[in-house]
Amino acid sequence: CVLKASQKRRPLSRLLEQLLRNLEKRDPNQFFAWPVNDNFAPGYSTIIKRPMDFSTMKQKIDDNEYKSLNCFISDFKLMCNNAMKYNKPGTVYHKAAKRLLHAGLKQLTPQKLRPLGDILT
Ligand SMILES: COc1ccc(OC)c(-c2cc(C(C)=O)n3cccnc23)c1
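Counting restarts for each chain, with residues numbered from 1 along the sequence as it is written. Since the coordinates come from a predicted model, pLDDT governs what is reported: local features require at least 70, and pairs of side-chain atoms require 80 or more to be given and counted, while whole-chain, interface and lining totals use all residues. Only hydrogens and water are set aside; all other atoms, that is, all heavy atoms of the structure, feed into the side-chain values.

K.L.:
Go over the side chain of Asp27 with me, naming the residues and quoting the values.
P.N.:
If you trace the backbone, Asp27 turns up in the loop between helix H2 (11-24) and helix H3 (44-47). Here the term buried applies to any residue with accessible area under 20% of the maximum for its type, exposed to any over 50%, and partly exposed to those in between, with areas from a 1.4 Å probe on protein chains only. This count recognises Lys and Arg as positive and Asp and Glu as negative, with His and chain-terminal groups excluded. Definition used for salt bridges: Asp or Glu carboxyl oxygen within 4 Å of a side-chain nitrogen of Lys or Arg. Buried within the structure, Asp27 lacks any salt-bridge partner; its nearest side chain of opposite charge belongs to Arg99, at an N-O separation of 8.2 Å. Ignoring anything within four residues of it in the chain, the contact list for Asp27 reads Phe32, Ala33 and Phe54. Secondary structure elements are taken from DSSP: a helix is a run of H or I of four residues or more, a strand is a run of E of two residues or more, and numbering for both begins at the N terminus. Residue contacts follow a heavy-atom distance rule, with two residues in contact if any of their heavy atoms lie within 4.5 Å.

Written out as C-alpha cells, the structure is:
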C-alpha cells in the first residue's frame, strides 16, 4: 500500500506534530502562534534573547531539528517563559503564558506519554 506523506515522516516528527497540535489548542487567541513583533511589543527583541513561537516549532519539526522530545519540551517552556519575562504579571499575555505552560506540561507527563511507547527512548 502507498503510505500518505505524513506516514512516511519519522516517528518522532509525527509524534511532535501531534503534541504541537494539542498544545496549540490551549492558545485560542493565537498569542503564541507567530513570532512576537517589536512593533506591538516595544523592546521585545532586546529583552528576549531567544524568541520562540509555535510556527517556529512547527518549522523545526519539519526540518528535523528536534532530536528528542526533551528538546521540543524545552522550546515550549522557552516560549512560555519568554512571555512571563517580557509581560508583567497580571497582563493578559503573562496569564495566558502561565496557563498554557501549566496545561501543556500536564499533556507532556511521562504517564501521558508512556502509551506512545518506544519512540521516545
Ligand atoms: C493582540 O493580538 C496579538 C496577536 C499576536 C501576538 O503575538 C503573536 C500578540 C502578542 C503576543 C505576545 C506575547 C506572547 O508576549 N505579545 C506581547 C505584547 C504584545 N502583543 C503580544 C498579540
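On we go from here.
K.L.:
A description of the site of the ligand should follow, citing residues and the corresponding values.
P.N.:
Taken together, the neighbourhood of the ligand is formed by Phe31, Phe32, Trp34, Val36, Phe40, Ala41, Asn87 and Tyr93. Any pair of N or O atoms that falls within 3.5 Å is considered a polar contact. Within protein, one atom must be able to donate a hydrogen and the other to accept it, and sequence-neighbouring residues count only if both atoms are side-chain atoms. Asn87 places a side-chain nitrogen or oxygen 2.9 Å from an oxygen atom of the ligand. Between the ligand and Tyr93 there is a distance of 3.4 Å, counted from a nitrogen atom to a side-chain nitrogen or oxygen. The fraction of the free accessible surface of the ligand (480 Å²) that becomes covered by protein chains is 73%. Spatially, the ligand is embedded in the largest pocket. Classifying every residue of the shell around the ligand gives seven nonpolar, one polar and no charged. It suffices for a single heavy atom of a residue to lie within 4 Å of a molecule or strand for the residue to be listed as near it. Computed with a 1.4 Å probe, the accessible areas rest on the Shrake-Rupley method; for each residue, only the protein chains presented here act as cover. Cavity and pocket criteria rest on a 1 Å grid covering protein atoms alone: a 1.4 Å probe that fits but cannot get out defines a cavity, protein on both sides within 12 Å along at least 5 of 7 lines defines an open pocket, and an atom within 4 Å of a point defines a lining residue. Each molecule is checked against the cavity or pocket grid, and it sits inside if more than half of its atoms lie within 2 Å of the grid points. Three residue categories are used. Nonpolar comprises Ala, Val, Leu, Ile, Met, Phe, Trp, Tyr, Cys and Pro, charged comprises Asp, Glu, Lys and Arg, and polar comprises the others, including Gly.

K.L.:
A description of the side chain of Gln107 should follow, citing residues and the corresponding values.
P.N.:
Here Gln107 is to be found in helix H6 (residues 92-107). With residues near it in sequence (within four places) discarded, Gln107 still touches Asn22, Leu23, Arg26, Lys112 and Leu113.

K.L.:
If you had to explain the packing of H2 against helix H5 (residues 69-86) to someone new, which residues and values would you point to?
P.N.:
Note on definitions: angles span 0 to 180 degrees between N-to-C directions of axes, and those axes are lines fitted to C-alpha atoms, for helices only across the stretch in contact. The contact between H2 and H5 brings their axes to 11 Å, and the two run at 25°. Relative to H5, H2 is oriented roughly parallel. H5 is crossed by H2, and the crossing has right-handed handedness. Residue-level contacts link Leu12, Leu16, Leu19, Leu20 and Leu23 of H2 to Leu69, Phe72 and Phe76 of H5. Grouping the constituent residues of the contact of H2 with H5 by class yields eight nonpolar, no polar and no charged. These descriptions rest on fixed angle ranges, namely under 35 degrees for roughly parallel, over 145 for roughly antiparallel, 65 to 115 for roughly perpendicular, and the rest for oblique. Should the near helix be turned counterclockwise from the far one by less than a right angle, the crossing is left-handed, whereas a clockwise turn marks it as right-handed.

That's the geometry; what it means functionally is another story.
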